[in-house]
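This is what each chain is made of:
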Amino acid sequence: MEATQSKLLEKFKEVVDKAQQDENALRRVESLMASCWSRANMPSNVQPLCKDGLLELCAYILNKYLDTDLHELCKHTCGAIYNCSRRLPYSRVVRQKMLSAGIYPLIPRFFSHPVWMNRFYGTLISAHCAASGLSSHQKLVCSLESIEWLCTCLSNTLENESFGGSSWSIEEVMSAAASLCTLPENRAGFLEKDGSSLSLQALHQVIEEEGEELEEELRAITLTLARISHDKLFKDNCASDDIELLESLMDHEVIAVKSNIMSVLANVGSEKASLEAAFKQACECASAKWNRSQLSIVGKGRVGKTAFVRAILQKPFEHTESTIGMEGMTCEVSSVFSGKMWWKEQTQFHSELELVQARQAAAFAKGMHMAESDLLSSLEYEAEHGDDGDLSDDSWERGEKSGGLEDRKRGRGKREGEGEGQSSEPIVSQYKQDLVVECLQDEGSDDSIVFELWDYGGQDVFYALFHLFITRFGIFAVLFNMEDLITGDKKLQKECLDFIEFWLSTIYLHTSQSSSESCAPIVIVGTHKDIISHPLHHLYVSRILHRTFFDHLAWPHVQVFEQKSSSFVSASSDDVDDWLKEKFDLVDTDSSSTLELDELQSFFGEYADAELVKEFFESVDTNKDGRISMAEFKAATFENLTFFPVDNTRGHADPVIPHILSVIEQVAMTADYIQQRVPYAWIKCLDSIKQSGKDVLNLREVEEIALKSGMPMSRKLGLAKEVEGMLDYLHNLGRLMHHKEKSLRDYVIARPTEFVIRPATQVVCEHDLHKTAQQLEARKMTNEWKSLTQRAVLSRRLLPVLWKDYLPQMDLLELLCVKYGIFIPLKPAEKDDSMSFLVPTLLREQQLSKVDSQALSCFLLFSSDAEFFRGQNGVVARSELTGRFVPTSLFASVIGQAIAWSQSTGGMQHKASKTEAMLAFGKHRFLLQDLRAEKCFKLVIFVQNPMSVLQRLLKIIQTVIDRCMPRLRCFACLEETAEEGGESFLLDYDTICQQVDNQQGIWVGTSHLDWSTLQHKFSPWLPSKALLESYDVFLSYRHGPFDSELVEKTHDILSLGIVGEEGRRLEIFYDQVRLKAGRRFDHDFMRALSCSVGAVPVISLDALQRMFVNQPDGPEDHVLMEWSLILELQAARRLKFCLPVLIGRVCKDEGGPPIRSFFEDDPFSRLPEHVPTKTVAEVKSFMLAHHLTPSPDLERRTVRDIVKLLSKNVALLLWEASIGHGSAGGPGTLDVHARELFGLFDHIANSITNALEASRLWKEEETVRDVPRPGLTQDSWVGEHAVNADGTRSPVSTSEELEKLKKEVSDLGRFPDSKGGRGRGEWWEGRGGRSTFDDAYVRSNC
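Residues numbered from 1 in each chain as written. Predicted model: local features only at pLDDT ≥ 70, side-chain atom pairs only at ≥ 80, totals over all residues. Heavy atoms only, no water.

A.B. asks: Please give an account of the overall build of the protein that cites residues and values.
C.D. replies: Secondary structure assignment for the protein yields 57 helices and 39 strands. Burial statistics for the protein: of 1342 residues in total, 61% are counted as buried. Here the contacts in the protein between residues at least 6 apart in sequence split such that 75% fall between residues at least 24 apart. For the protein, the computed accessible surface area is about 54,000 Å², with 47% contributed by carbon and sulfur atoms. (Helix = DSSP H or I, 4+ residues; strand = E, 2+ residues; numbered from the N terminus. Buried < 20%, exposed > 50% of the residue type's maximum accessible area, 1.4 Å probe, protein only. Contact = heavy atoms within 4.5 Å. Areas by Shrake-Rupley, 256 points an atom, 1.4 Å probe, with all protein chains shown as cover.)

A.B. asks: Kindly report on the packing of aromatic side chains, identifying the contributing residues and their values.
C.D. replies: Taken as a whole, this structure holds 31 aromatic pairs when the rule is applied. Taking 5.3 Å as the distance between ring centres and 70 degrees as the angle between the ring planes, the aromatic pair formed by F120 and F163 counts as edge-to-face. Residue F120 is found in helix α8 (residues 116-131), and its partner F163 is found in the loop between α9 (144-158) and α10 (170-180); the two are separated by 43 residues along the sequence. Measuring from ring centre to ring centre gives 4.6 Å for F473 and Y673, while their planes differ by 15 degrees; the resulting arrangement is stacked. Residue F473 is found in the loop between α24 (463-466) and β6 (475-481), and its partner Y673 is found in helix α33 (residues 672-675); the two are separated by 200 residues along the sequence. The pair formed by F473 and Y673 is uniform in burial state, with each residue classed as buried. Positioned over the ring face of F1108 is R1166, at 4.1 Å from the centre of the ring. Against the face of F1164 rests K1204, its NZ or CZ located 5.6 Å from the ring centre. (Phe/Tyr/Trp six-rings, centres within 6.5 Å; stacked < 30°, edge-to-face > 60°. Lys NZ or Arg CZ within 6 Å of the ring centre and 35° of its normal.)

A.B. asks: So, the packing of helix α29 (residues 597-604) against helix α30 (residues 610-620): which residues are in play, and what are the values?
C.D. replies: With their axes 10 Å apart at the nearest point, α29 and α30 run at an angle of 130 degrees to one another. If you check the angle between α29 and α30, you find them oblique. Note that α29 runs across α30; the crossing there is right-handed. Residues L597, L600, Q601 and F604 of α29 lie in contact with α30, whose contacting residues are A610, V613, K614, F616 and F617. Residues of the contact of α29 with α30, tallied by class, amount to 7 nonpolar, 1 polar and 1 charged. (Axes fitted to C-alpha atoms, helices over the stretch in contact; angles between N-to-C directions. Parallel < 35°, antiparallel > 145°, perpendicular 65-115°, else oblique. Left-handed = near helix turned anticlockwise from the far one by under 90°. Nonpolar A, V, L, I, M, F, W, Y, C, P; charged D, E, K, R; others polar.)

A.B. asks: Outline the state of the cysteines, listing residues and values.
C.D. replies: Overall, the coordinates contain 0 disulfides when judged by the stated rule. C936 takes part in no disulfide bond, and the closest cysteine sulfur to it belongs to C973, at a distance of 8.3 Å. (Disulfide = S-S within 2.5 Å.)

A.B. asks: Tell me about unusual backbone geometry, residues and numbers included.
C.D. replies: M711 connects to P712 through a cis peptide bond whose omega is 5 degrees. The topology assignment puts P712 in the loop between α35 (699-708) and α36 (718-732). In this structure, H1187 is a non-glycine residue whose phi angle is positive, near 60 degrees. As for its placement among the helices and strands, H1187 is situated in the loop between α52 (1173-1185) and α53 (1199-1206). Here H1187 falls in the exposed class, since its relative accessible area comes to 73%.

A.B. asks: Give a detailed account of α52, specifying residues and quantitative values.
C.D. replies: Taking 1.5 Å as the rise per residue, α52 with 13 residues should run 18 Å; its terminal C-alpha atoms sit 18 Å apart, in good agreement. For α52, the elements touching its buried residues are α49 (1081-1090) and α51 (1118-1131). Positive phi shows up at H1187, right after α52, with a value of about 60 degrees. (Expected span 1.5 Å × (residues − 1).)

A.B. asks: Tell me about the nonpolar core, residues and numbers included.
C.D. replies: In terms of nonpolar packing, the biggest core is built from 335 residues, with L545 and F823 touching the most fellow members. Beyond its immediate chain neighbours, meaning those up to four positions away, F823 contacts V763, L794, L799, W803, C817, V818, F837, L838 and V839. Counting residues in hydrophobic clusters, the runner-up holds 73 residues, among them I1053, I1099, L1129 and L1167. (Core = buried A, V, L, I, M, F, W, Y, C linked by side-chain atoms within 4.5 Å.)

A.B. asks: Now, about the sheet that holds strand β22 (residues 936-941): what can you tell me, with residues and values included?
C.D. replies: If you walk across this open sheet you meet the 8 strands as β18-β24-β23-β17-β22-β21-β20-β19, and the pairing is antiparallel. Across the chains shown, the open sheet's two edge strands, defined by having one partner strand only, are β18 (875-877) and β19 (911-912). By the bridge criterion, 5 bridges tie strand β17 (residues 856-863) to β22 in an arrangement that is antiparallel. Residue pairing across strands places C858 opposite L939, the latter belonging to β22. Sheet contacts for helix α45 (residues 989-997): β23 (969-977) and β24 (984-988); angle to β24, the most-contacted strand, approximately 70 degrees. (Pairing = 2+ DSSP bridges.)

A.B. asks: Please set out the side chain of R95 residue by residue, giving values where relevant.
C.D. replies: Here R95 lies in helix α6 (residues 92-101). E665 provides the closest opposite charge to the buried, unpaired R95, separated from it by 9.7 Å. One polar contact links the side chain of R95 to the main-chain carbonyl oxygen of S132, over a distance of 2.6 Å. (Lys, Arg positive; Asp, Glu negative; His and termini not counted. Salt bridge = Lys/Arg side-chain N within 4 Å of Asp/Glu carboxyl O. Polar contact = N/O pair within 3.5 Å; in protein donor to acceptor, adjacent residues only side chain to side chain.)

A.B. asks: Give me the pattern of salt bridges: which residues, what numbers.
C.D. replies: Inspection of every chain in the model, using the stated rule, returns 40 salt bridges. Residue E701 pairs with K694 through a salt bridge whose shortest N-O separation is 2.3 Å. Among the residues examined, K694 registers a relative accessible area of 39% and is labelled partly exposed. The salt bridge involving E1128 is made with R1197; its shortest N-O contact spans 2.8 Å. Of this pair, E1128 sits in helix α51 while R1197 is found in the loop between α52 and α53, placing the two residues 69 residues apart along the sequence. On the accessibility criterion, E1128 (1% relative accessible area) is buried.

A.B. asks: Quick one: what's the story with the confidence of the model for the protein, residue by residue and with numbers?
C.D. replies: Confidence in the prediction of the protein, expressed as mean pLDDT, is 79, and 79% of residues score 70 or more. Taken element by element, the predicted model of the protein shows its lowest mean pLDDT in helix α57 (residues 1335-1340) (31) and its highest in strand β7 (residues 522-527) (96). Counting contacts from residues 332-339, a segment whose pLDDT is below 50, to residues more than four positions away or on other chains yields 31 contacts. Predicted confidence for residues 1259-1295 stays below pLDDT 50, and this span has 78 contacts to residues more than four positions away or in other chains. (pLDDT = per-residue confidence, 0-100.)

A.B. asks: Let's hear about the sheet that holds strand β16 (residues 836-838): which residues, and what values?
C.D. replies: Strand order in the open sheet formed by 3 strands is β14-β16-β15, with antiparallel pairing between adjacent strands. In this open sheet, the two strands that pair with only one neighbour each are β14 (793-795) and β15 (824-826). Strand-to-strand twist of the sheet, defined as the mean angle between neighbouring strand axes without regard to direction, takes the value 35 degrees. Where β14 and β16 come together, 3 bridges link them in antiparallel fashion. Within β16, the residue paired with L794 across the bridge is F837. Contacting β14 and β16, helix α39 (residues 782-791) crosses the sheet at an angle of about 155 degrees to β14.

A.B. asks: Requested: an account of the environment of Q1130, with residues and values cited.
C.D. replies: Within the element layout of this structure, Q1130 appears in helix α51. For Q1130 and A1095, which are 35 residues apart along the polypeptide, the C-alpha to C-alpha distance reads 9.9 Å.

A.B. asks: With reference to specific residues and values, describe the pairing of β6.
C.D. replies: Taken across its 7 residues, β6 has 7 buried, putting it largely inside the fold. Covered by surrounding structure in β6 are I475, A477, L479 and N481 together with F476, V478 and F480, the residues of both alternating faces. Where strand β2 (residues 292-299) lies against β6, 5 bridges are found, and the strand directions are parallel. The residue bridging G299 from the neighbouring strand is L479, located in β6.

A.B. asks: Got a sec to walk through the pairing of strand β27 (residues 1031-1036)? Specific residues and values, please.
C.D. replies: Among the 6 residues in β27, 6 count as buried, and that is most of the element. Bridge count between β27 and strand β30 (residues 1068-1069): 2 bridges; the pairing is parallel. Looking across to β30, one finds that F1034 is bridged to F1069.

A.B. asks: Describe helix α50 (residues 1101-1108), and please don't skip the residues or the numbers.
C.D. replies: Looking at α50, one finds that the buried residues are L1101, A1103, L1104, M1107 and F1108. Buried residues of α50, viewed axially, fall in a sector of 145 degrees; they line one side. Of the surrounding elements, those touching the buried residues of α50 are α47 (1041-1055), β31 (1092-1100), α51, β33 (1141-1143) and α53. (Arc of directions from axis to C-beta.)

A.B. asks: Got a sec to walk through the packing of helix α3 (residues 43-52) against α6? Specific residues and values, please.
C.D. replies: At a closest axis distance of 10 Å, the pairing of α3 and α6 adopts a crossing angle of 35 degrees. Considering how the two elements wind past one another, α3 and α6 form a crossing that is left-handed. In this structure, α3 uses V46, Q47, C50 and K51 to contact α6, whose residues at the interface are V93, V94 and K97. For the contact of α3 with α6, a count of residues per class yields 4 nonpolar, 1 polar and 2 charged.

Below is the structure:
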């Protein structure tokens, strides 16, 4: 518990009050202060005296009598304060008490006191305050008169004479001098008053008379010398014998003394103590400890997060606006044992490499050793064991045991990617002696940590952004308002606990390791202690938190507030007696007094949870007699709390705040990522990225910078792998932003707060709460603003207003917001409509429609436990769902991506709210609901073919999860009601499918469902296991980023379509759906191809990459196998049509045509002219086995022949589809990118459907592929012209049959216009006729 008053003040207040009128009282108080002055002269007594309230008593006396004639009392009191202040640079407890007692504001009054000795004490106290960081409150510069007194005191002490009527020690005076010289202004005065000569004289005297045994004296003298040694006056006074003496102390066993001596000698230019040698040694190392971490401040809006940050940084309390998004700052933090007792915000920024090498040089100069663990060895271990995920605990351990650094130093040779002229010399930053000296003088520089301090906005609209930043490299402070748990408002209490649970679950989800159950450390902080101040309330709140969260997976990682062992919080038996007597009206607090349950309940009030109060009472009542004795109650008041209660208005004057900082530092120093050595090349690469001036770099640019920075350091990893590991590490530390998910991995954000969060939160925020200047201007655009705030639809016209400060980079920002799922491009209703976006996190609560009870439905559950259903035997009661966790932003992200897919596949107009979305994939309508009370999603499908919708939605969910929630798992479940009791159960979908396959049943409650019952009940959901007898279309492609998406979306559209007069469903062979595990997939796809009406081979440059390097005796190429079989089936007239889709180079984030011509790079010339023997053999074997006669050409066709002959068919040229899309636009013209998505896949699907319908007009013995006319054997026709192999066109003459076919397929390469006719892409023209087919936008909608 925290003491509310000073014991000494409480005990002597009455006597102090009488001192001016009562001479006996005055003598008693003077005697008391003289005794305290004397006792405080012993360092070991200072902290206990401070905890007993000595400084509060001193402040009370001085505030009452400093301006009176009681000079002797004031002198003794100032002396007591001075002796306490001597411990300020070394004790956070004294520092905190100095603040809380109100001593610091008194110091200016000391300076003007009529008694010169009190003015002198004021000088010394202010000097020690400056050395402990209290000067950040108010810089107190001492007068030259006071500094002269200090020098006189030093001179007298060296002559064994007293000063001011008292004897002083050399250590005492030199400690004051060292503290005085912390401020440059005081340092100049000290040198002016001959302080340098006196300090050197003190050094000689200590060495000559006392030897080297007086550690404290030497520490104080050498620290003073170090702080003044760079000044010219000191160098002029430093004689050769002084330098010789200093050089003789270079190897002193006390590190602090040695560091100070090295600093002095370096500043005076001693050759024996040149720091350049240490710096060179540091640079020769491949890596060093970097000591970087993060502290993230999270919690509900308006709980005091920003005030807490200000309190941490010793900034005065002030009421602030709610944080919009996130604010980041870098704070340098030193260990509690290092000498610096405070956190300060960095204002001077050095190159990271310069700073880390200077620190390493200082460590070597001190004779310290490097850490043994090596980050690169951890990465190599991961690469060797095939784990591409985050570094596991096991890999960190492997890194710690390796000798990778020394091995790399000995074996450094030419790096991968280096040319002959590249150097493999050590990575060296600029040598800055002043910086090395500064690190030397900082006793704790080797242990100090630099935290990236993040203040997260508390409104839930921001959560879609935060998951991009949360990593396990750091500590989380979860804040809540204690009033919410005390006032009795059940709604407030539930909201408060829900928020804490949300953050515990979020932190665990994002920071837990797959190899263990550990997650990032958590500190729970209760604010508003100025209102909820009573220790008993704190115990009550602690019990609420423990009862609510004791079984949460993150709870073991919550740091405990150990009040009894805290050095900062004073608590004693007398304190407990005082407040027990006050609160419970007890006559005394001896062992016979007891406390009844009704008294405890009365104290907490009628709104308190009676059950919890009773539980607390019974836990304290160890005798179980229905009464709590005072001994029992006192013991209970010292129990550990599960949270840290703070008063932000007091800053460090609240003792709990420095205690929290101490806990955070100690936890951070034991973290594995802190103990690892980081390669210099990585740090240099980060410096170069920051110095590039670019907000966003692509991955290739970063790899080029990495190469110039000296990477790869590991030959085992190579450049690409090492860069990936570096970016992952820097992202986890909050130094930049990079995600591995395929649609995001090409982008590296150098300044994530400035370039992503701040502009994004101009759009994504609580617009009723946050009103920036840009938003106030945007409100003038009434219609657009109303659309954004009421419908969550952002018009692109608003962006130049909201992003006024980012206009040159607006297009890139827009691109990133789409990529990160913050914006979802919407299909324009009309040709001339401006581009608009859905902002899912701004959707409002709204019920869209009532659900038909007969509709098919399933549930989507989420868990970080991949084996969740295995432990449940595939069944979970629906009533048990409330304990699950679903990230708040997940539903908005999922419906955003589902809307994007729906638009790309021709779905109906969507309807969406915060918890519901009515959508359609093609003609398959469905409703997705966020059941927040049950922590799951519900999917309701309004067609009798639910499989395609479920599978597509699961893929979309997985894409969203992969982006930033890799530990989360999604489980599809079907509902079953038990016969007995009617309880509802959810059955794992995968388990149902597995049990039906194995012809086994499932226990649901007390009922057993056999496999046939499962098959009957859930038949619409069960996948078909048999291959079809025939298919309408066979899709042939090679897996790749663009090709896979094209086929996937085209399949979705085709599978929802119908064909022929009978209106039957199209049957499409798509390997991801049709091929089954455990079968010969090559036999299955060849069989499917042989019984298909038509084939659609996707011939792209990506698909040809493996063919370019095909070897005659190389392994089978399955795509080449398909294409070779297509030619054979055409020759055998088994295939009605073949419609190749030709794709050139797909441009990513470039200007010009979005898709280049297939012929532009002359791919045919790069294809080998040999027969792919093994591939052909497989095709021949299959044909013979299925009674098909291979053509004579089968075994003569080369790889080039196969591709060229296949491209002779009527082709769909994808680059033709983009010609009319404004290809003249530059790289920044991004407003048409989304438009291209909305019709491209529809166009391909319609072309295939047209070709299929046209094939029905041919006679049975004919095929779509006509025999080429003489002279055109190397050409194919498209539309009105032939396309030659070089990409040029020439007129062709055609037969009557061909004319008939042309009528059906003549416009295959063109898009429909807005009136439903055929045109050259008018509907697709964008703003100003400019376009960029941005593959990144395609990726973001997968």
